[in-house]
Amino acid sequence: GGRLYEQREAVCRALDDIPGITYVKNHAAFYLFPKIDAKRFNITSDKQFALDVHYGTNVLFIPGSGFDWAEPDHFRLVMLPKPDEIYDAIVRIGKFLETYQQA
């Protein structure tokens, strides 16, 4: 239990509802490193993907390449906002992805 547990559970519940995103549930970190199906969304640049999501949802996260991840298929979410706030942010990402294809 506790605040960090509730924040992580909110993130995982929201991510579970987004087709094309998978993740490994963490146990002792303030962040998650979800994988996005780059082929499904035609993602060739994780930096562009992060910008597109930011401009389309007002949600900011770091592309995987910011952590030396070679493929454009991961991003890092910090799980420090309140559970309802982080849940809402990830739901907005999911809605954005319903029609997203990287140009």
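Refer to the structure printed above.
Keep in mind the model is a prediction, meaning the values are calculated, not measured.

Attention shifts here to helix α2 (residues 46-57). The end-to-end C-alpha separation of α2 is 16 Å, in line with the 16 Å expected for 12 residues at 1.5 Å each. All of the buried residues along α2 are Asp46, Phe49, Ala50, Val53 and Thr57. Down the axis of α2, the buried set is contained in an arc of 100°. They therefore lie on one face. Seen from the open side of α2, the exposed residues pointing more than 90 degrees away from its buried face are Lys47 and Tyr55. Contacts made by the buried residues of α2 are with β3 (35-36), β4 (62-63), β5 (75-78) and α3 (83-97). Taken from the residues just after α2, asparagine 58 is the one with a positive phi, measuring 65°.

We now examine the pairing of β5. Residues Phe75 and Leu77 point to one face of β5 and are all buried, whereas Arg76 and Val78, pointing to the other face, are not buried. With two bridges connecting them, strand β2 (residues 31-32) and β5 associate as antiparallel partners. Of the residues in β5, the one forming a bridge with leucine 32 is leucine 77. Here β4 pairs with β5 via two bridges, running antiparallel. What sits directly across from isoleucine 62, in β5, is arginine 76.

Moving on: the pattern of salt bridges. The tally for this structure, following the rule as stated, stands at four salt bridges. The residue arginine 8 makes a salt bridge to glutamate 9 at a minimum N-O spacing of 2.8 Å. Like glutamate 9, arginine 8 is buried. When the shortest N-O distance is used, the salt bridge between lysine 35 and aspartate 73 registers 4.0 Å. Here the residue lysine 35 occupies a position in strand β3, and aspartate 73 occupies one in the loop between β4 and β5, the gap between them amounting to 38 residues. For lysine 35, a relative accessible area of 38% gives the class partly exposed.

Before going further, it helps to spend a moment on the nonpolar core. Ranked by size, the top nonpolar core spans 26 residues in total, and within it Val11, Leu15, Ile36, Phe49, Phe61, Ile90 and Leu97 carry the most contacts. Broken down by secondary-structure element, the contributors of at least two residues to this core are α1 (3-16), α2, β5 and α3. Considering every element that reaches this core, the biggest residue donor is α3, with six residues. Contacts of isoleucine 90, omitting those with residues within four sequence positions, involve Val11, Ala14, Leu15, Ile18 and Leu77.

Quick notes on the rules
- Residues numbered from 1 in each chain as written.
- Predicted model: local features only at pLDDT ≥ 70, side-chain atom pairs only at ≥ 80, totals over all residues.
- Heavy atoms only, no water.
- Helix = DSSP H or I, 4+ residues; strand = E, 2+ residues; numbered from the N terminus.
- Expected span 1.5 Å × (residues − 1).
- Buried < 20%, exposed > 50% of the residue type's maximum accessible area, 1.4 Å probe, protein only.
- Arc of directions from axis to C-beta.
- Contact = heavy atoms within 4.5 Å.
- Pairing = 2+ DSSP bridges.
- Salt bridge = Lys/Arg side-chain N within 4 Å of Asp/Glu carboxyl O.
- Core = buried A, V, L, I, M, F, W, Y, C linked by side-chain atoms within 4.5 Å.

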